[in-house]
Amino acid sequence: MACLLEAPLRISVLSEVTATSRHYVDRLFDPDPQKVLQGVIDMKNAVIGNNKQKANLIVLGAVPRLLYLLQQSSSSAELRTECAVVLGSLAMGTENNIKSLVDCHIIPALLQGLLCPDLIFIEACLRCLRTVFISPVTPVQLLYTTPEHQTVLFNHGAIQNIAPLLISPSYKVRMQALKCFSVLAYENTQVSMTLVNVLVDGELLSQVFVRMMQRDKPIEMQLTAAKCLTYMCRAGAIRTDDNCIVLKTLPCLVRMCSKERLLEERVEGAETLAYLMEPDVELQRIASVTDHLVAMLADYFKYPSSVSAITDIKRLDHDLKHAHELRQAAFKLYASLGSNDEDIRKKITETENMMDRIVSGLSESSIKVRLAAVRCLHSLSRSVQQLRTSFHDHAVWKPLMKLLQNAPDEVLVMASSTLCNLLLEFSPSKEPILESGVIELLCSLTQSDSPALRVNGIWALMNMAFQADQKVKVEIVRALGTEQLFRLLSDPDTNVLMKTLGLLRNLLSTRPHIDQIMSSHGKQIMQAVTLILEGEHSIEVKEQTLCILANIADGNTAKELIMTNDDMLQKIKYYMGHSNVKLQLAATFCISNLIWNEEEGSQERQDKLRELGFVDILHKLTQASDPSLCDRAKTAMQQYLA
């Protein structure tokens, strides 16, 4: 019985709460426009600072009616403005209020309101939009965050209208204009290219940004101006060797990393600097010797320290909760600094406890820190020296393998890329990784929907198969399965196909291995080779395929799979006469292996290939303009003369 009573009881309480608010909503439907306006004004006064009243009005359906009045062209400008003000006040209530407003499609209605010529109404709409978007429950993608939306703003004259605001007497206005440009320019070449030529009061915009980065300007202004120039540079509008980047933007961002700055300034400074120099080795070198940056970043891991100068308890509490953001930013910046230069990588790994910090970072609770730590590790793993020393000494492969067990795709991509480097033949980590049962894990990556994960899975297997013993190769073929191997050979992603061909080429090296694999999988492999050579593929793909064929031709028994396949021999002949030298070389190498004198049955093979016209083609190629092709053809011809 209690169950049955519950609903009516709730309704009676609700009706008691909302009865006093109903007359406000009823007045919105009055046929007299003047009474409607007065009703909205009274509603505005009733909801100010009264969350209970706000909730009541939302429950009673005030929002759809207010939005209707706001969008009607027959409504007076004053009524529309008052409606926007009330909606803004409702938005200042609880998160549930915001959800209700968003569900009633308040955002498109307010955005439409911005097209109205009445400035007071526009301002009311903007205030309401700002309140709605400040809330964490509002889906940010509803506003201008994509390149298409940047372009819409660009096409509607945003740049011309906002640029003069950079010299406004009001600091707040200047800052908002600056922030707007940083959002517009981010990863947008069209906007950035236009910004370079904009004049503000006779001065180039880039120079206005440079002035805003001066040390006597507020930190917020310096940092945002540096972001604007960073984004313009990354979009290709400013050269990386331009003085405004090398002498102004980069040093400004390095300053933001010092321990005198607030936590959020240090985070933003480091992340922006990492983004600025990510593709440019010269900027990485300059940054690495500016203000002891590499050592300065080590402080990011000690913050806040026990002897911290922070006396404000609220600030200390805030910083303790956000200290992981500093670690994330430091890892990102180290990754960017060390992505190309061997000396910088050495400097990073020699920074106090650096490898231990990376290892700790790989198992942090924050997914963002784990991702940044593995990025840093990936950057350092490009160094042969570090793979042989620091990586081995700290057994980084162990936490890396743990990370690969259960992680989101973006972490998996970076972790598996790092693993590819740890599996190179000169890496001491290769053996223990092999013994840890990694093959099954890598084979499962090749079945991923993500092309990047498929590439990394097959790439790691390719590195593993390089100069491996027969046991490892057999295990790779068994774990991957011939069906999956041939599925990868018809993968729509060229990178996956190239790495699969690379794996096959590494599996088919050294004669006993070639003969063993071809005896069990020869038919399918020859079929796959035929399909690729006949298909619409790039020169690189076909060259790699012909190299696999040359390896097969080097086997003792495997070469018979080519010799007994007239269709394949015709294909080799076709590629010997191809217009591309790389394909001619690979095809000639294949014939050279088939006719090599010292091997059993070479005379019969030579005779058959002579009958098929290969000697004439080889003779012709001895006159080739390419010296490598000419030498390869001469070497093959000597087999006939011996």
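Residues numbered from 1 in each chain as written. Predicted model: local features only at pLDDT ≥ 70, side-chain atom pairs only at ≥ 80, totals over all residues. Heavy atoms only, no water.

An unreviewed UniProt entry lists the protein under the name Armadillo repeat-containing protein 8, with Chanos chanos given as the organism.

### A few points about the packing of helix α33 (residues 511-534) against helix α36 (residues 566-576)
Packing of α33 against α36 leaves a shortest axis separation of 11 Å and a crossing angle of 40°. In terms of orientation, α33 and α36 fall into the oblique class. Pair α33 / α36 crosses with left-handed handedness. For the pair α33 and α36, the contacting residues are Met-526, Val-529, Thr-530, Leu-533 and Glu-534 in the first and Asp-567, Met-568, Lys-571 and Tyr-575 in the second. Taken together, the residues of the contact of α33 with α36 sort by class into five nonpolar, one polar and three charged. (Axes fitted to C-alpha atoms, helices over the stretch in contact; angles between N-to-C directions. Helix = DSSP H or I, 4+ residues; strand = E, 2+ residues; numbered from the N terminus. Parallel < 35°, antiparallel > 145°, perpendicular 65-115°, else oblique. Left-handed = near helix turned anticlockwise from the far one by under 90°. Contact = heavy atoms within 4.5 Å. Nonpolar A, V, L, I, M, F, W, Y, C, P; charged D, E, K, R; others polar.)

### Details of the nonpolar core
Counting residues in hydrophobic clusters, the biggest one holds 175 residues, and the most contacted among them are Phe-181, Phe-209, Leu-337, Leu-549 and Ile-562. Broken down by element, the residue count for this core peaks at ten residues, all from helix α14 (residues 219-234). Counting only domains with at least three residues in this core, you end up with domain 2 (437-509) and domain 3 (521-641). Core analysis: the second largest hydrophobic core is formed by 41 residues, Leu-28, Val-36, Ala-46 and Leu-70 among them. (Core = buried A, V, L, I, M, F, W, Y, C linked by side-chain atoms within 4.5 Å. Buried < 20%, exposed > 50% of the residue type's maximum accessible area, 1.4 Å probe, protein only. Domains from an automatic or database assignment.)

### Let's talk about α33
When the terminal C-alpha atoms of α33 are compared, their 27 Å separation across 24 residues is substantially less than the 34 Å that a helix rising 1.5 Å per residue should span. The largest bend in α33 is about 85°, located at His-521. (Expected span 1.5 Å × (residues − 1). Bend = angle between axes of the 7 residues up to and from the residue.)

### Some remarks on the packing of aromatic side chains
All chains considered together, the criterion is met by six aromatic pairs. With a centroid separation of 4.9 Å and 70° between ring planes, the pair formed by Tyr-186 and Tyr-231 is classed as edge-to-face. Remark: Tyr-231 occurs in helix α14 and Tyr-186 occurs in the loop between α11 (171-185) and α12 (189-196); sequence separation between them is 45 residues. The interplanar angle of 75° and the centroid separation of 5.9 Å between the aromatic rings of Tyr-231 and Tyr-275 together place this pair among those described as edge-to-face. Residue Tyr-231 is located in helix α14, and its partner Tyr-275 is located in helix α16 (residues 263-277); the two are separated by 44 residues in the primary sequence. (Phe/Tyr/Trp six-rings, centres within 6.5 Å; stacked < 30°, edge-to-face > 60°.)

### Considering the domain arrangement of the protein
For the protein, the domain assignment lists domain 1 (13-143), domain 2 (437-509) and domain 3 (521-641). Between the C-alpha centres of domain 1 and domain 3 there is a distance of 78 Å.

### Some remarks on the pattern of salt bridges
Evaluated as defined, the whole model comprises 31 salt bridges. For Lys-227, the salt bridge goes to Glu-268, with nearest N and O atoms at 2.5 Å. Taken as a pair, Lys-227 in helix α14 and Glu-268 in helix α16 lie far apart in primary sequence, 41 residues in all. The class for Lys-227 is buried, based on a relative accessible area of 15%. Under the relative-accessibility criterion, Glu-268 is labelled partly exposed at 31%. Between Asp-566 and Lys-608 there is a salt bridge, with its nearest N and O atoms 3.2 Å apart. Residue Asp-566 is located in helix α36, and its partner Lys-608 is located in helix α38 (residues 602-611); the two are separated by 42 residues in the primary sequence. In this structure Asp-566 comes out as partly exposed when scored by relative accessible area, which is 46%. The exposure class assigned to Lys-608 is partly exposed, which follows from its relative accessible area of 27%. A network of salt bridges, in which partner residues are shared, links Lys-259, Asp-299, Lys-302 and Glu-352. (Salt bridge = Lys/Arg side-chain N within 4 Å of Asp/Glu carboxyl O.)

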